[in-house]
Amino acid sequence: METNGRTVTLRVKRQAAPDAPSRWEEFRIPHKAHMNVISALMEVQRQPVTVDGAKTTAPVWEANCLEEVCGSCTMIINGKVRQACSALIDTLTQPIVLEPMRKFPLVRDLMVDRKRMFDALTRVRAWMHLDGTYNLGPGPRVDPEAGAVAYSLSRCMTCGCCMEVCPQVTSRSAFIGAAAISQVRLFNLHPTGKMQARERLDSLMGEGGLADCGNAQNCVHSCPKDIPLTESISAVGWDLARHTVKRLLGG
Amino acid sequence: MAATSRAIVVGGGLAGLMTVIKLAEASLPCQLFSFVPVKRSHSVCAQGGINASVNTKGEGDSPQIHFYETVKGGDFLANQPLAKGMCEAAPGIVYLLDRMGVPFNRTPEGWLDFRGFGGTLYSRTAFAGATTGQQLLYALDEQVRKYEALGLVEKFEFWEFLSAIKDDEGVCRGIMAQDLRSMEIRAFPADAVCLATGGLGMIFGKSTNSVVCTGSAASAAYQQGAVFANGEFIQVHPTAIPGEDKVRLMSESARAEGGRVWVPKDGKPWYFLEEKYPKYKNLVPRDIATREIYYVCRVLKLGIDGKDMVYLDVSHIPKDTLDRKLGGILEIYEKFIGEDPRKVPMRVFPGVHYSMGGLWIDYEADRQGNPVVGSPRNQQTNIPGLFAAGEAEYEYHGANRLGANSLLSCFYGGILAGPAMVSYIKGLDRSASALPSSVFDAEKRRQDEAHARVSGLHGTENPYVIHKELGEIMTDNVTVVRYNDKLQATDHAIQVFMDRWKRIDINDTARWSNQAVSFTRQLWNMLELSRVITLGALHRDESRGAQYKPDFPDRNDAQWLKTTLATWTPDGPEFRYAPVDTSLLTPELRKY
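Please read all numbers here as calculations on a predicted model, not as lab measurements.

### Considerations on the overall build of chain A
Then step 1. Across its full length, chain A holds 8 helices and 7 strands.
Then step 2. In terms of overall dimensions, chain A has a C-alpha envelope of 70 × 40 × 30 Å along the principal axes.
Then step 3. Scored against the burial criterion, the 251 residues of chain A give a buried share of 48%.
Then step 4. Once local pairs closer than 6 in sequence are excluded, the contacts in chain A between residues at least 24 apart make up 64%.

Given below as structure tokens:
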């Protein structure tokens, strides 16, 4: 992993605070084999000097696991929203342009506030109603195939890619987004979770609910975990339609 | 309990969340602090599974065997009652997770599936693909979100723990924390505090750990008088992918599902683990597999292309089995290396993975050696009112942790910590809310001053450069093979780093979302702990579990069957040694 004389150029959108003006800064660092965007940013931290030789502060970004399972380091890289840890330098055109996601309030530089996604999980009651954590023996038996579907939905790391690419999600719209809708499907599929299916469906009615989906289908293409988001939206959509009719009929 | 009673949990990984759930079930209001949104905690990185001797495969497994293998795996340095309690509670814990909706892999009949793991010949590990930690964390995150919606839990995410607040009698009465956005430093009174702040892999620069695993919170408590135990026991996982930013774990489950470790020798694959350990083969415990790989690469010079690298090969296993049981890790290899491990063998090397050591905690056991659930002594540090759970504390694993026991110890630690905190609070004669504000003001002043000191560093050194150098020397000298002269040299180097730390140029003076200030503070805490690790290793002249000294190749029970206890002093750690509770299993030679 020695340096090889090549360099990497990063063009980073900087903004000191939510109400501060934004600007661009360029950094040039030595290239190393298997480098990702995070390790390039780490190199900038060790020498925060722009290509013009100006001393600056190290860019601020959010990161944790660096294995694409925690969802933290999501940003826009060369125009595409993705995780910075799994964005390998050798697969990117230079200069590599790094920007924060646009659909969430900016915190600083590449860091945004994704609180609305966690709030959405509260809204749809994305949890099991347990009697308690005392020992009640095993859970329900689960058909391995149904279990596999649940697992594929349960890998959602609340990264925000599906929100970023959704035309219905804006700073002014309340649309809950594909990730939370897919969680409703996950919980409503489970033998125990099913028992609260109706209240989760209820939560998807009204402002910002499922009806706000514009069927652009961008979400499913942006998901780093290949979660079948559009399938989830249509499955939950059917359930919601049936649920609404039942409610109208007083069921 | 007083109506104003309140608990604080710091850390939102598995141990912290389990503690919170237990507190919420006891209707004790709780504030939960986390450096990152709790759903992004390091527990997501756990891959292979969680151990529980449910014995669904007719193999005759039992919690008693699990207990024995855990203690033997830890080279007899674990206090046995807690290890026993954990193994006996394990089946109930896995059933609980099942009820929470964790999408565990299933047998064709729809039961929970279990697989083998290191240090055992039984199928004892429940798993959700190869992202078990992520799935378990999500299940607990969901339960805590429910309690948050009910108003029992209040979350403070993007807040950093700075210190415990101690009253005049040395009792913990809350915490100081900083909002990492507004940079506000605030005192939070509480009647009991639990640190569930995880491990310290970042001290080694590149490890399998997440960015937040600096050990900073545990170190801050250590610098306030909490005893740090068995710091020298650092697990180096045999199979990880080296990278520029971190090393990425390739789960032991790859070997449990049939993966084979080999290097080319005389033009043919040499399966050196299978040859040397015909019974356990590729599933010898981690400390042993790691040493064998080091030996093959460094002494025999048989690493791939002469480099520090061996093959981990799953390419002979059917693709659908791989996708169903190991999909998550194969995807990591594919994404980060660009090769498909279903077709070509993976290239791996050992990487720093887990700290067996951590904050010293107490426990209470009955005469049969069973932990007494609900005793206020359980999981409590030597600072009254300050508890610890998960990787942040030192119990359960002795000198080497068995694979898939870490998730288990996180749950069990939380299961003990929650009720212990409740009992402890019931026994208090006055609650934190009744204390004079001077108690909190004094610690607030101390932290404000400390913050001003860090913000005012205007030297020439870069904190990230010092961190990189720290990681390199720690990885070179304080991991798999340890020599006293090198350990001594490392301790000197750490003291030079500490000196350089005082000449850091903080560079970023923003009062909003300032990561440089936070990191620099954590770097100091890492330096303090790195001395505990290094000097602990230096003093312990024996080889046991993860500690291997070629100059002292044998385990020495007469002298060293002892827990290392480090206490902070301004001149560096002071060491004492305490006996290990071996009342249930007699230490024997550890052979596989």
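There is more to say after this.
### Some thoughts on the overall build of chain B
Then step 1. Along the backbone of chain B there are 15 helices and 21 strands.
Then step 2. Taken over C-alpha atoms, the radius of gyration comes to 23 Å for chain B, in line with the 25 Å a tight globule of 592 residues would show.
Then step 3. Taking the principal axes of the C-alpha coordinates as reference, chain B spans close to 75 × 55 × 50 Å.
Then step 4. Burial statistics for chain B: of 592 residues in total, 62% are counted as buried.

### Some remarks on the domain arrangement of chain A
Residues and elements named next belong to chain A.
Then step 1. Domain boundaries assigned for chain A yield domain 1 (7-112) and domain 2 (115-248).
Then step 2. Computed over C-alpha atoms, the centres of domain 1 and domain 2 are 31 Å apart.
Then step 3. Listed per partner, the contact involves 12 residues of domain 1 and 11 residues of domain 2.
Then step 4. Considering each element in turn, the side of domain 1 that touches domain 2 owes the most residues, 3 residues, to strand β4 (residues 80-83).

### A closer look at the sheet that holds strand β4 (residues 114-115) of chain B
Within a sheet, adjacent strands bond to each other through the backbone by hydrogen bonds, running parallel or antiparallel.
Residue and element names in this part refer to chain B.
Then step 1. Pairing within the open sheet is antiparallel, and its 3 strands lie in the order β3-β5-β4. Only two strands of the sheet have a single neighbouring strand rather than two, namely β3 (50-51) and β4.
Then step 2. Inspection of the sheet shows β3 paired to strand β5 (residues 125-126) by 2 bridges, in the antiparallel sense. Opposite I50, over in β5, you have A126 as the bridge partner.

### Quick word on the environment of P30 of chain A
Then step 1. Structurally, P30 of chain A is set in strand β2 (residues 22-30).
Then step 2. Sequence-wise, P30 of chain A and R242 of chain A are 212 residues apart; in three dimensions their C-alpha atoms are separated by 59 Å.

### Here we look at the interface of chain A and chain B
Then step 1. Listed per partner, the contact involves 57 residues of chain A and 56 residues of chain B.
Then step 2. The set of elements that each furnish at least two residues to the side of chain A that touches chain B consists of α1 (37-46), β6 (106-108), α2 (115-123) and α3 (144-154) of chain A.
Then step 3. Here the residues of the side of chain A that touches chain B sort into 28 nonpolar, 21 polar and 8 charged.

### A closer look at the sheet that holds strand β17 (residues 346-355) of chain B
Residue and element names in this part refer to chain B.
Then step 1. The 6 strands lie next to each other as β13-β12-β17-β16-β14-β15, forming an open sheet whose pairing is antiparallel. Looking at which strands have only one partner, the edges of the open sheet turn out to be β13 (248-249) and β15 (268-270).
Then step 2. Pairing of strand β16 (residues 310-313) with β17, which is carried by 3 bridges, proceeds in the antiparallel orientation. What sits directly across from L312, in β17, is M346.
Then step 3. Taken strand by strand, helix α9 (residues 319-337) contacts β12 (234-241), β13 and β17, and its axis lies near 65 degrees from that of β12.

### What to know about the domain arrangement of chain B
As a measure of interface size, the accessible area lost when the parts come together is often cited.
All names here are of chain B.
Then step 1. One can read the domain layout of chain B as domain 1 (7-233 + 356-434), domain 2 (238-353) and domain 3 (438-562).
Then step 2. Taking the mean C-alpha position of each, domain 1 and domain 3 sit 24 Å from one another.
Then step 3. Listed per partner, the contact involves 40 residues of domain 1 and 36 residues of domain 3.
Then step 4. Of all the secondary structure elements, the ones that give two or more residues to the side of domain 1 that touches domain 3 are β7 (159-166), β8 (172-179), β9 (185-189) and α5 (216-223).

### Considerations on helix α3 (residues 80-99) of chain B
In an α-helix there are 3.6 residues to a turn, and that puts residues three or four apart on one side.
Residue and element names in this part refer to chain B.
Then step 1. An ideal rise of 1.5 Å per residue puts 28 Å on 20 residues; α3 measures up with 29 Å between its terminal C-alpha atoms.
Then step 2. Where α3 bends most, at A90, the angle is about 45 degrees, and the proline P91 comes one to four residues later.
Then step 3. Counting buried residues along α3, 17 of its 20 residues qualify, which places the element largely inside the surrounding structure.
Then step 4. Just past α3, the residue G101 takes up positive phi, approximately 100 degrees.

### A short note on the packing of α3 of chain A against helix α5 (residues 178-189) of chain A
Residue and element names in this part refer to chain A.
Then step 1. Two elements in contact, α3 and α5, have axes separated by 9 Å at closest approach and are oriented at 150 degrees. On the basis of their axis angle, the class for α3 and α5 is roughly antiparallel. Crossing geometry of α3 relative to α5 is assigned as left-handed. Along the contact surface, α3 presents A146, V149, A150, L153 and S154, while α5 presents S182, R185, L186 and L189.
Then step 2. Residue classes in the contact of α3 with α5 are distributed as 6 nonpolar, 2 polar and 1 charged.

### Re the packing of α5 of chain B against helix α14 (residues 515-539) of chain B
Residue and element names in this part refer to chain B.
Then step 1. Viewed as axis vectors pointing N to C, α5 and α14 meet at an angle of 65 degrees, and their least axial separation amounts to 8 Å. The orientation of α5 relative to α14 falls into the category roughly perpendicular. Regarding α5 and α14, the two cross each other, and that crossing is left-handed. Residue-level inspection shows S216, S219, A220, Y222 and Q223 of α5 in contact with α14, the latter providing Q522, N525, M526, E528 and L529.
Then step 2. For the contact of α5 with α14, the class distribution of residues is 4 nonpolar, 5 polar and 1 charged.

### Points about the nonpolar core
Then step 1. Counting residues in hydrophobic clusters, the biggest one holds 267 residues, and the most contacted among them are V10, I175, V193, C194, L195, L359 and M421 of chain B.
Then step 2. Residues contacting V10 of chain B, with those up to four places away along its chain left out, are F33, F161, I175, V193, C194, L195, A196, T197 and A217 of chain B.

### Overview of α9 of chain B
All names here are of chain B.
Then step 1. With 19 residues, α9 extends just 19 Å between its outermost C-alpha atoms, more than 12% less than the 27 Å of an ideal straight helix rising 1.5 Å per residue.
Then step 2. If you look at α9, its biggest bend is around 95 degrees, right at L326.
Then step 3. Where α9 is buried, its residues meet β12, β13, α6 (253-256) and β17.
Then step 4. Two residues or fewer past α9, G338 is found with a positive phi of approximately 85 degrees.

### As for the pairing of strand β10 (residues 192-195) of chain B
Residue and element names in this part refer to chain B.
Then step 1. Neither face of β10 is open: one carries A192 and C194, the other V193 and L195, and all of them are buried.
Then step 2. With 4 bridges joining them, strand β1 (residues 7-10) and β10 adopt parallel strand pairing. Residue pairing for β10: A7 is matched across the bridge by A192.

### Regarding the pairing of strand β5 (residues 96-99) of chain A
Then step 1. Taken together, the 3 bridges between strand β1 (residues 7-15) of chain A and β5 of chain A define a ladder with parallel strand orientation. When the sheet's bridge partners are listed, L10 of chain A is paired in β5 of chain A with I96 of chain A.

Quick notes on the rules
- Sequence positions are assigned chain by chain, starting from 1 and proceeding in written order.
- Following the order in which they are written, the chains are lettered starting with A and the ligands numbered starting with 1.
- Predicted model: local features are reported for residues with pLDDT of at least 70 only, side-chain atom pairs are reported and counted for 80 or more only, and whole-chain, interface and lining totals are derived from all residues.
- Counting from the N terminus, the helices are the DSSP runs of H or I reaching at least four residues and the strands are the DSSP runs of E reaching at least two.
- Residues with at least 20 neighbouring C-beta atoms inside 10 Å of their own are called buried, those with 12 or fewer are called exposed, and the rest are partly exposed, where every C-beta is derived from the backbone.
- The contact rule is simple: place each C-beta atom from the backbone, and if two of them lie within 7 Å, those residues are in contact.
- The globule rule used here is 2.2 Å times the number of residues to the 0.38 power, and the radius of gyration it is set against is calculated over C-alpha atoms.
- In this document the domain limits rely on a domain assignment from an automatic tool or a database.
- The pairing criterion for strands is at least two bridges between them, as found by DSSP.
- Just so you know the grouping, Ala, Val, Leu, Ile, Met, Phe, Trp, Tyr, Cys and Pro go in nonpolar, Asp, Glu, Lys and Arg go in charged, and all remaining residues, Gly too, go in polar.
- Fitting a line to C-alpha atoms yields each axis, with helices limited to the stretch in contact; the angle taken between N-to-C directions then spans 0 to 180 degrees.
- Take the residue count of a helix, subtract one, and multiply by 1.5 Å to get its expected span.
- Bend is the name given here to the angle between axes fitted to two runs of seven residues, the run ending at a residue and the run starting at it.
- Every angle not falling under 35 degrees, over 145, or within 65 to 115 is termed oblique; those three ranges are roughly parallel, roughly antiparallel and roughly perpendicular.
- By the definition used in this description, the sense in which the near helix is turned from the far one sets the handedness, with an anticlockwise turn below a right angle giving left-handed and a clockwise turn giving right-handed.
- Under the definition applied here, buried Ala, Val, Leu, Ile, Met, Phe, Trp, Tyr and Cys residues are grouped into a nonpolar core through C-beta atoms within 7 Å.

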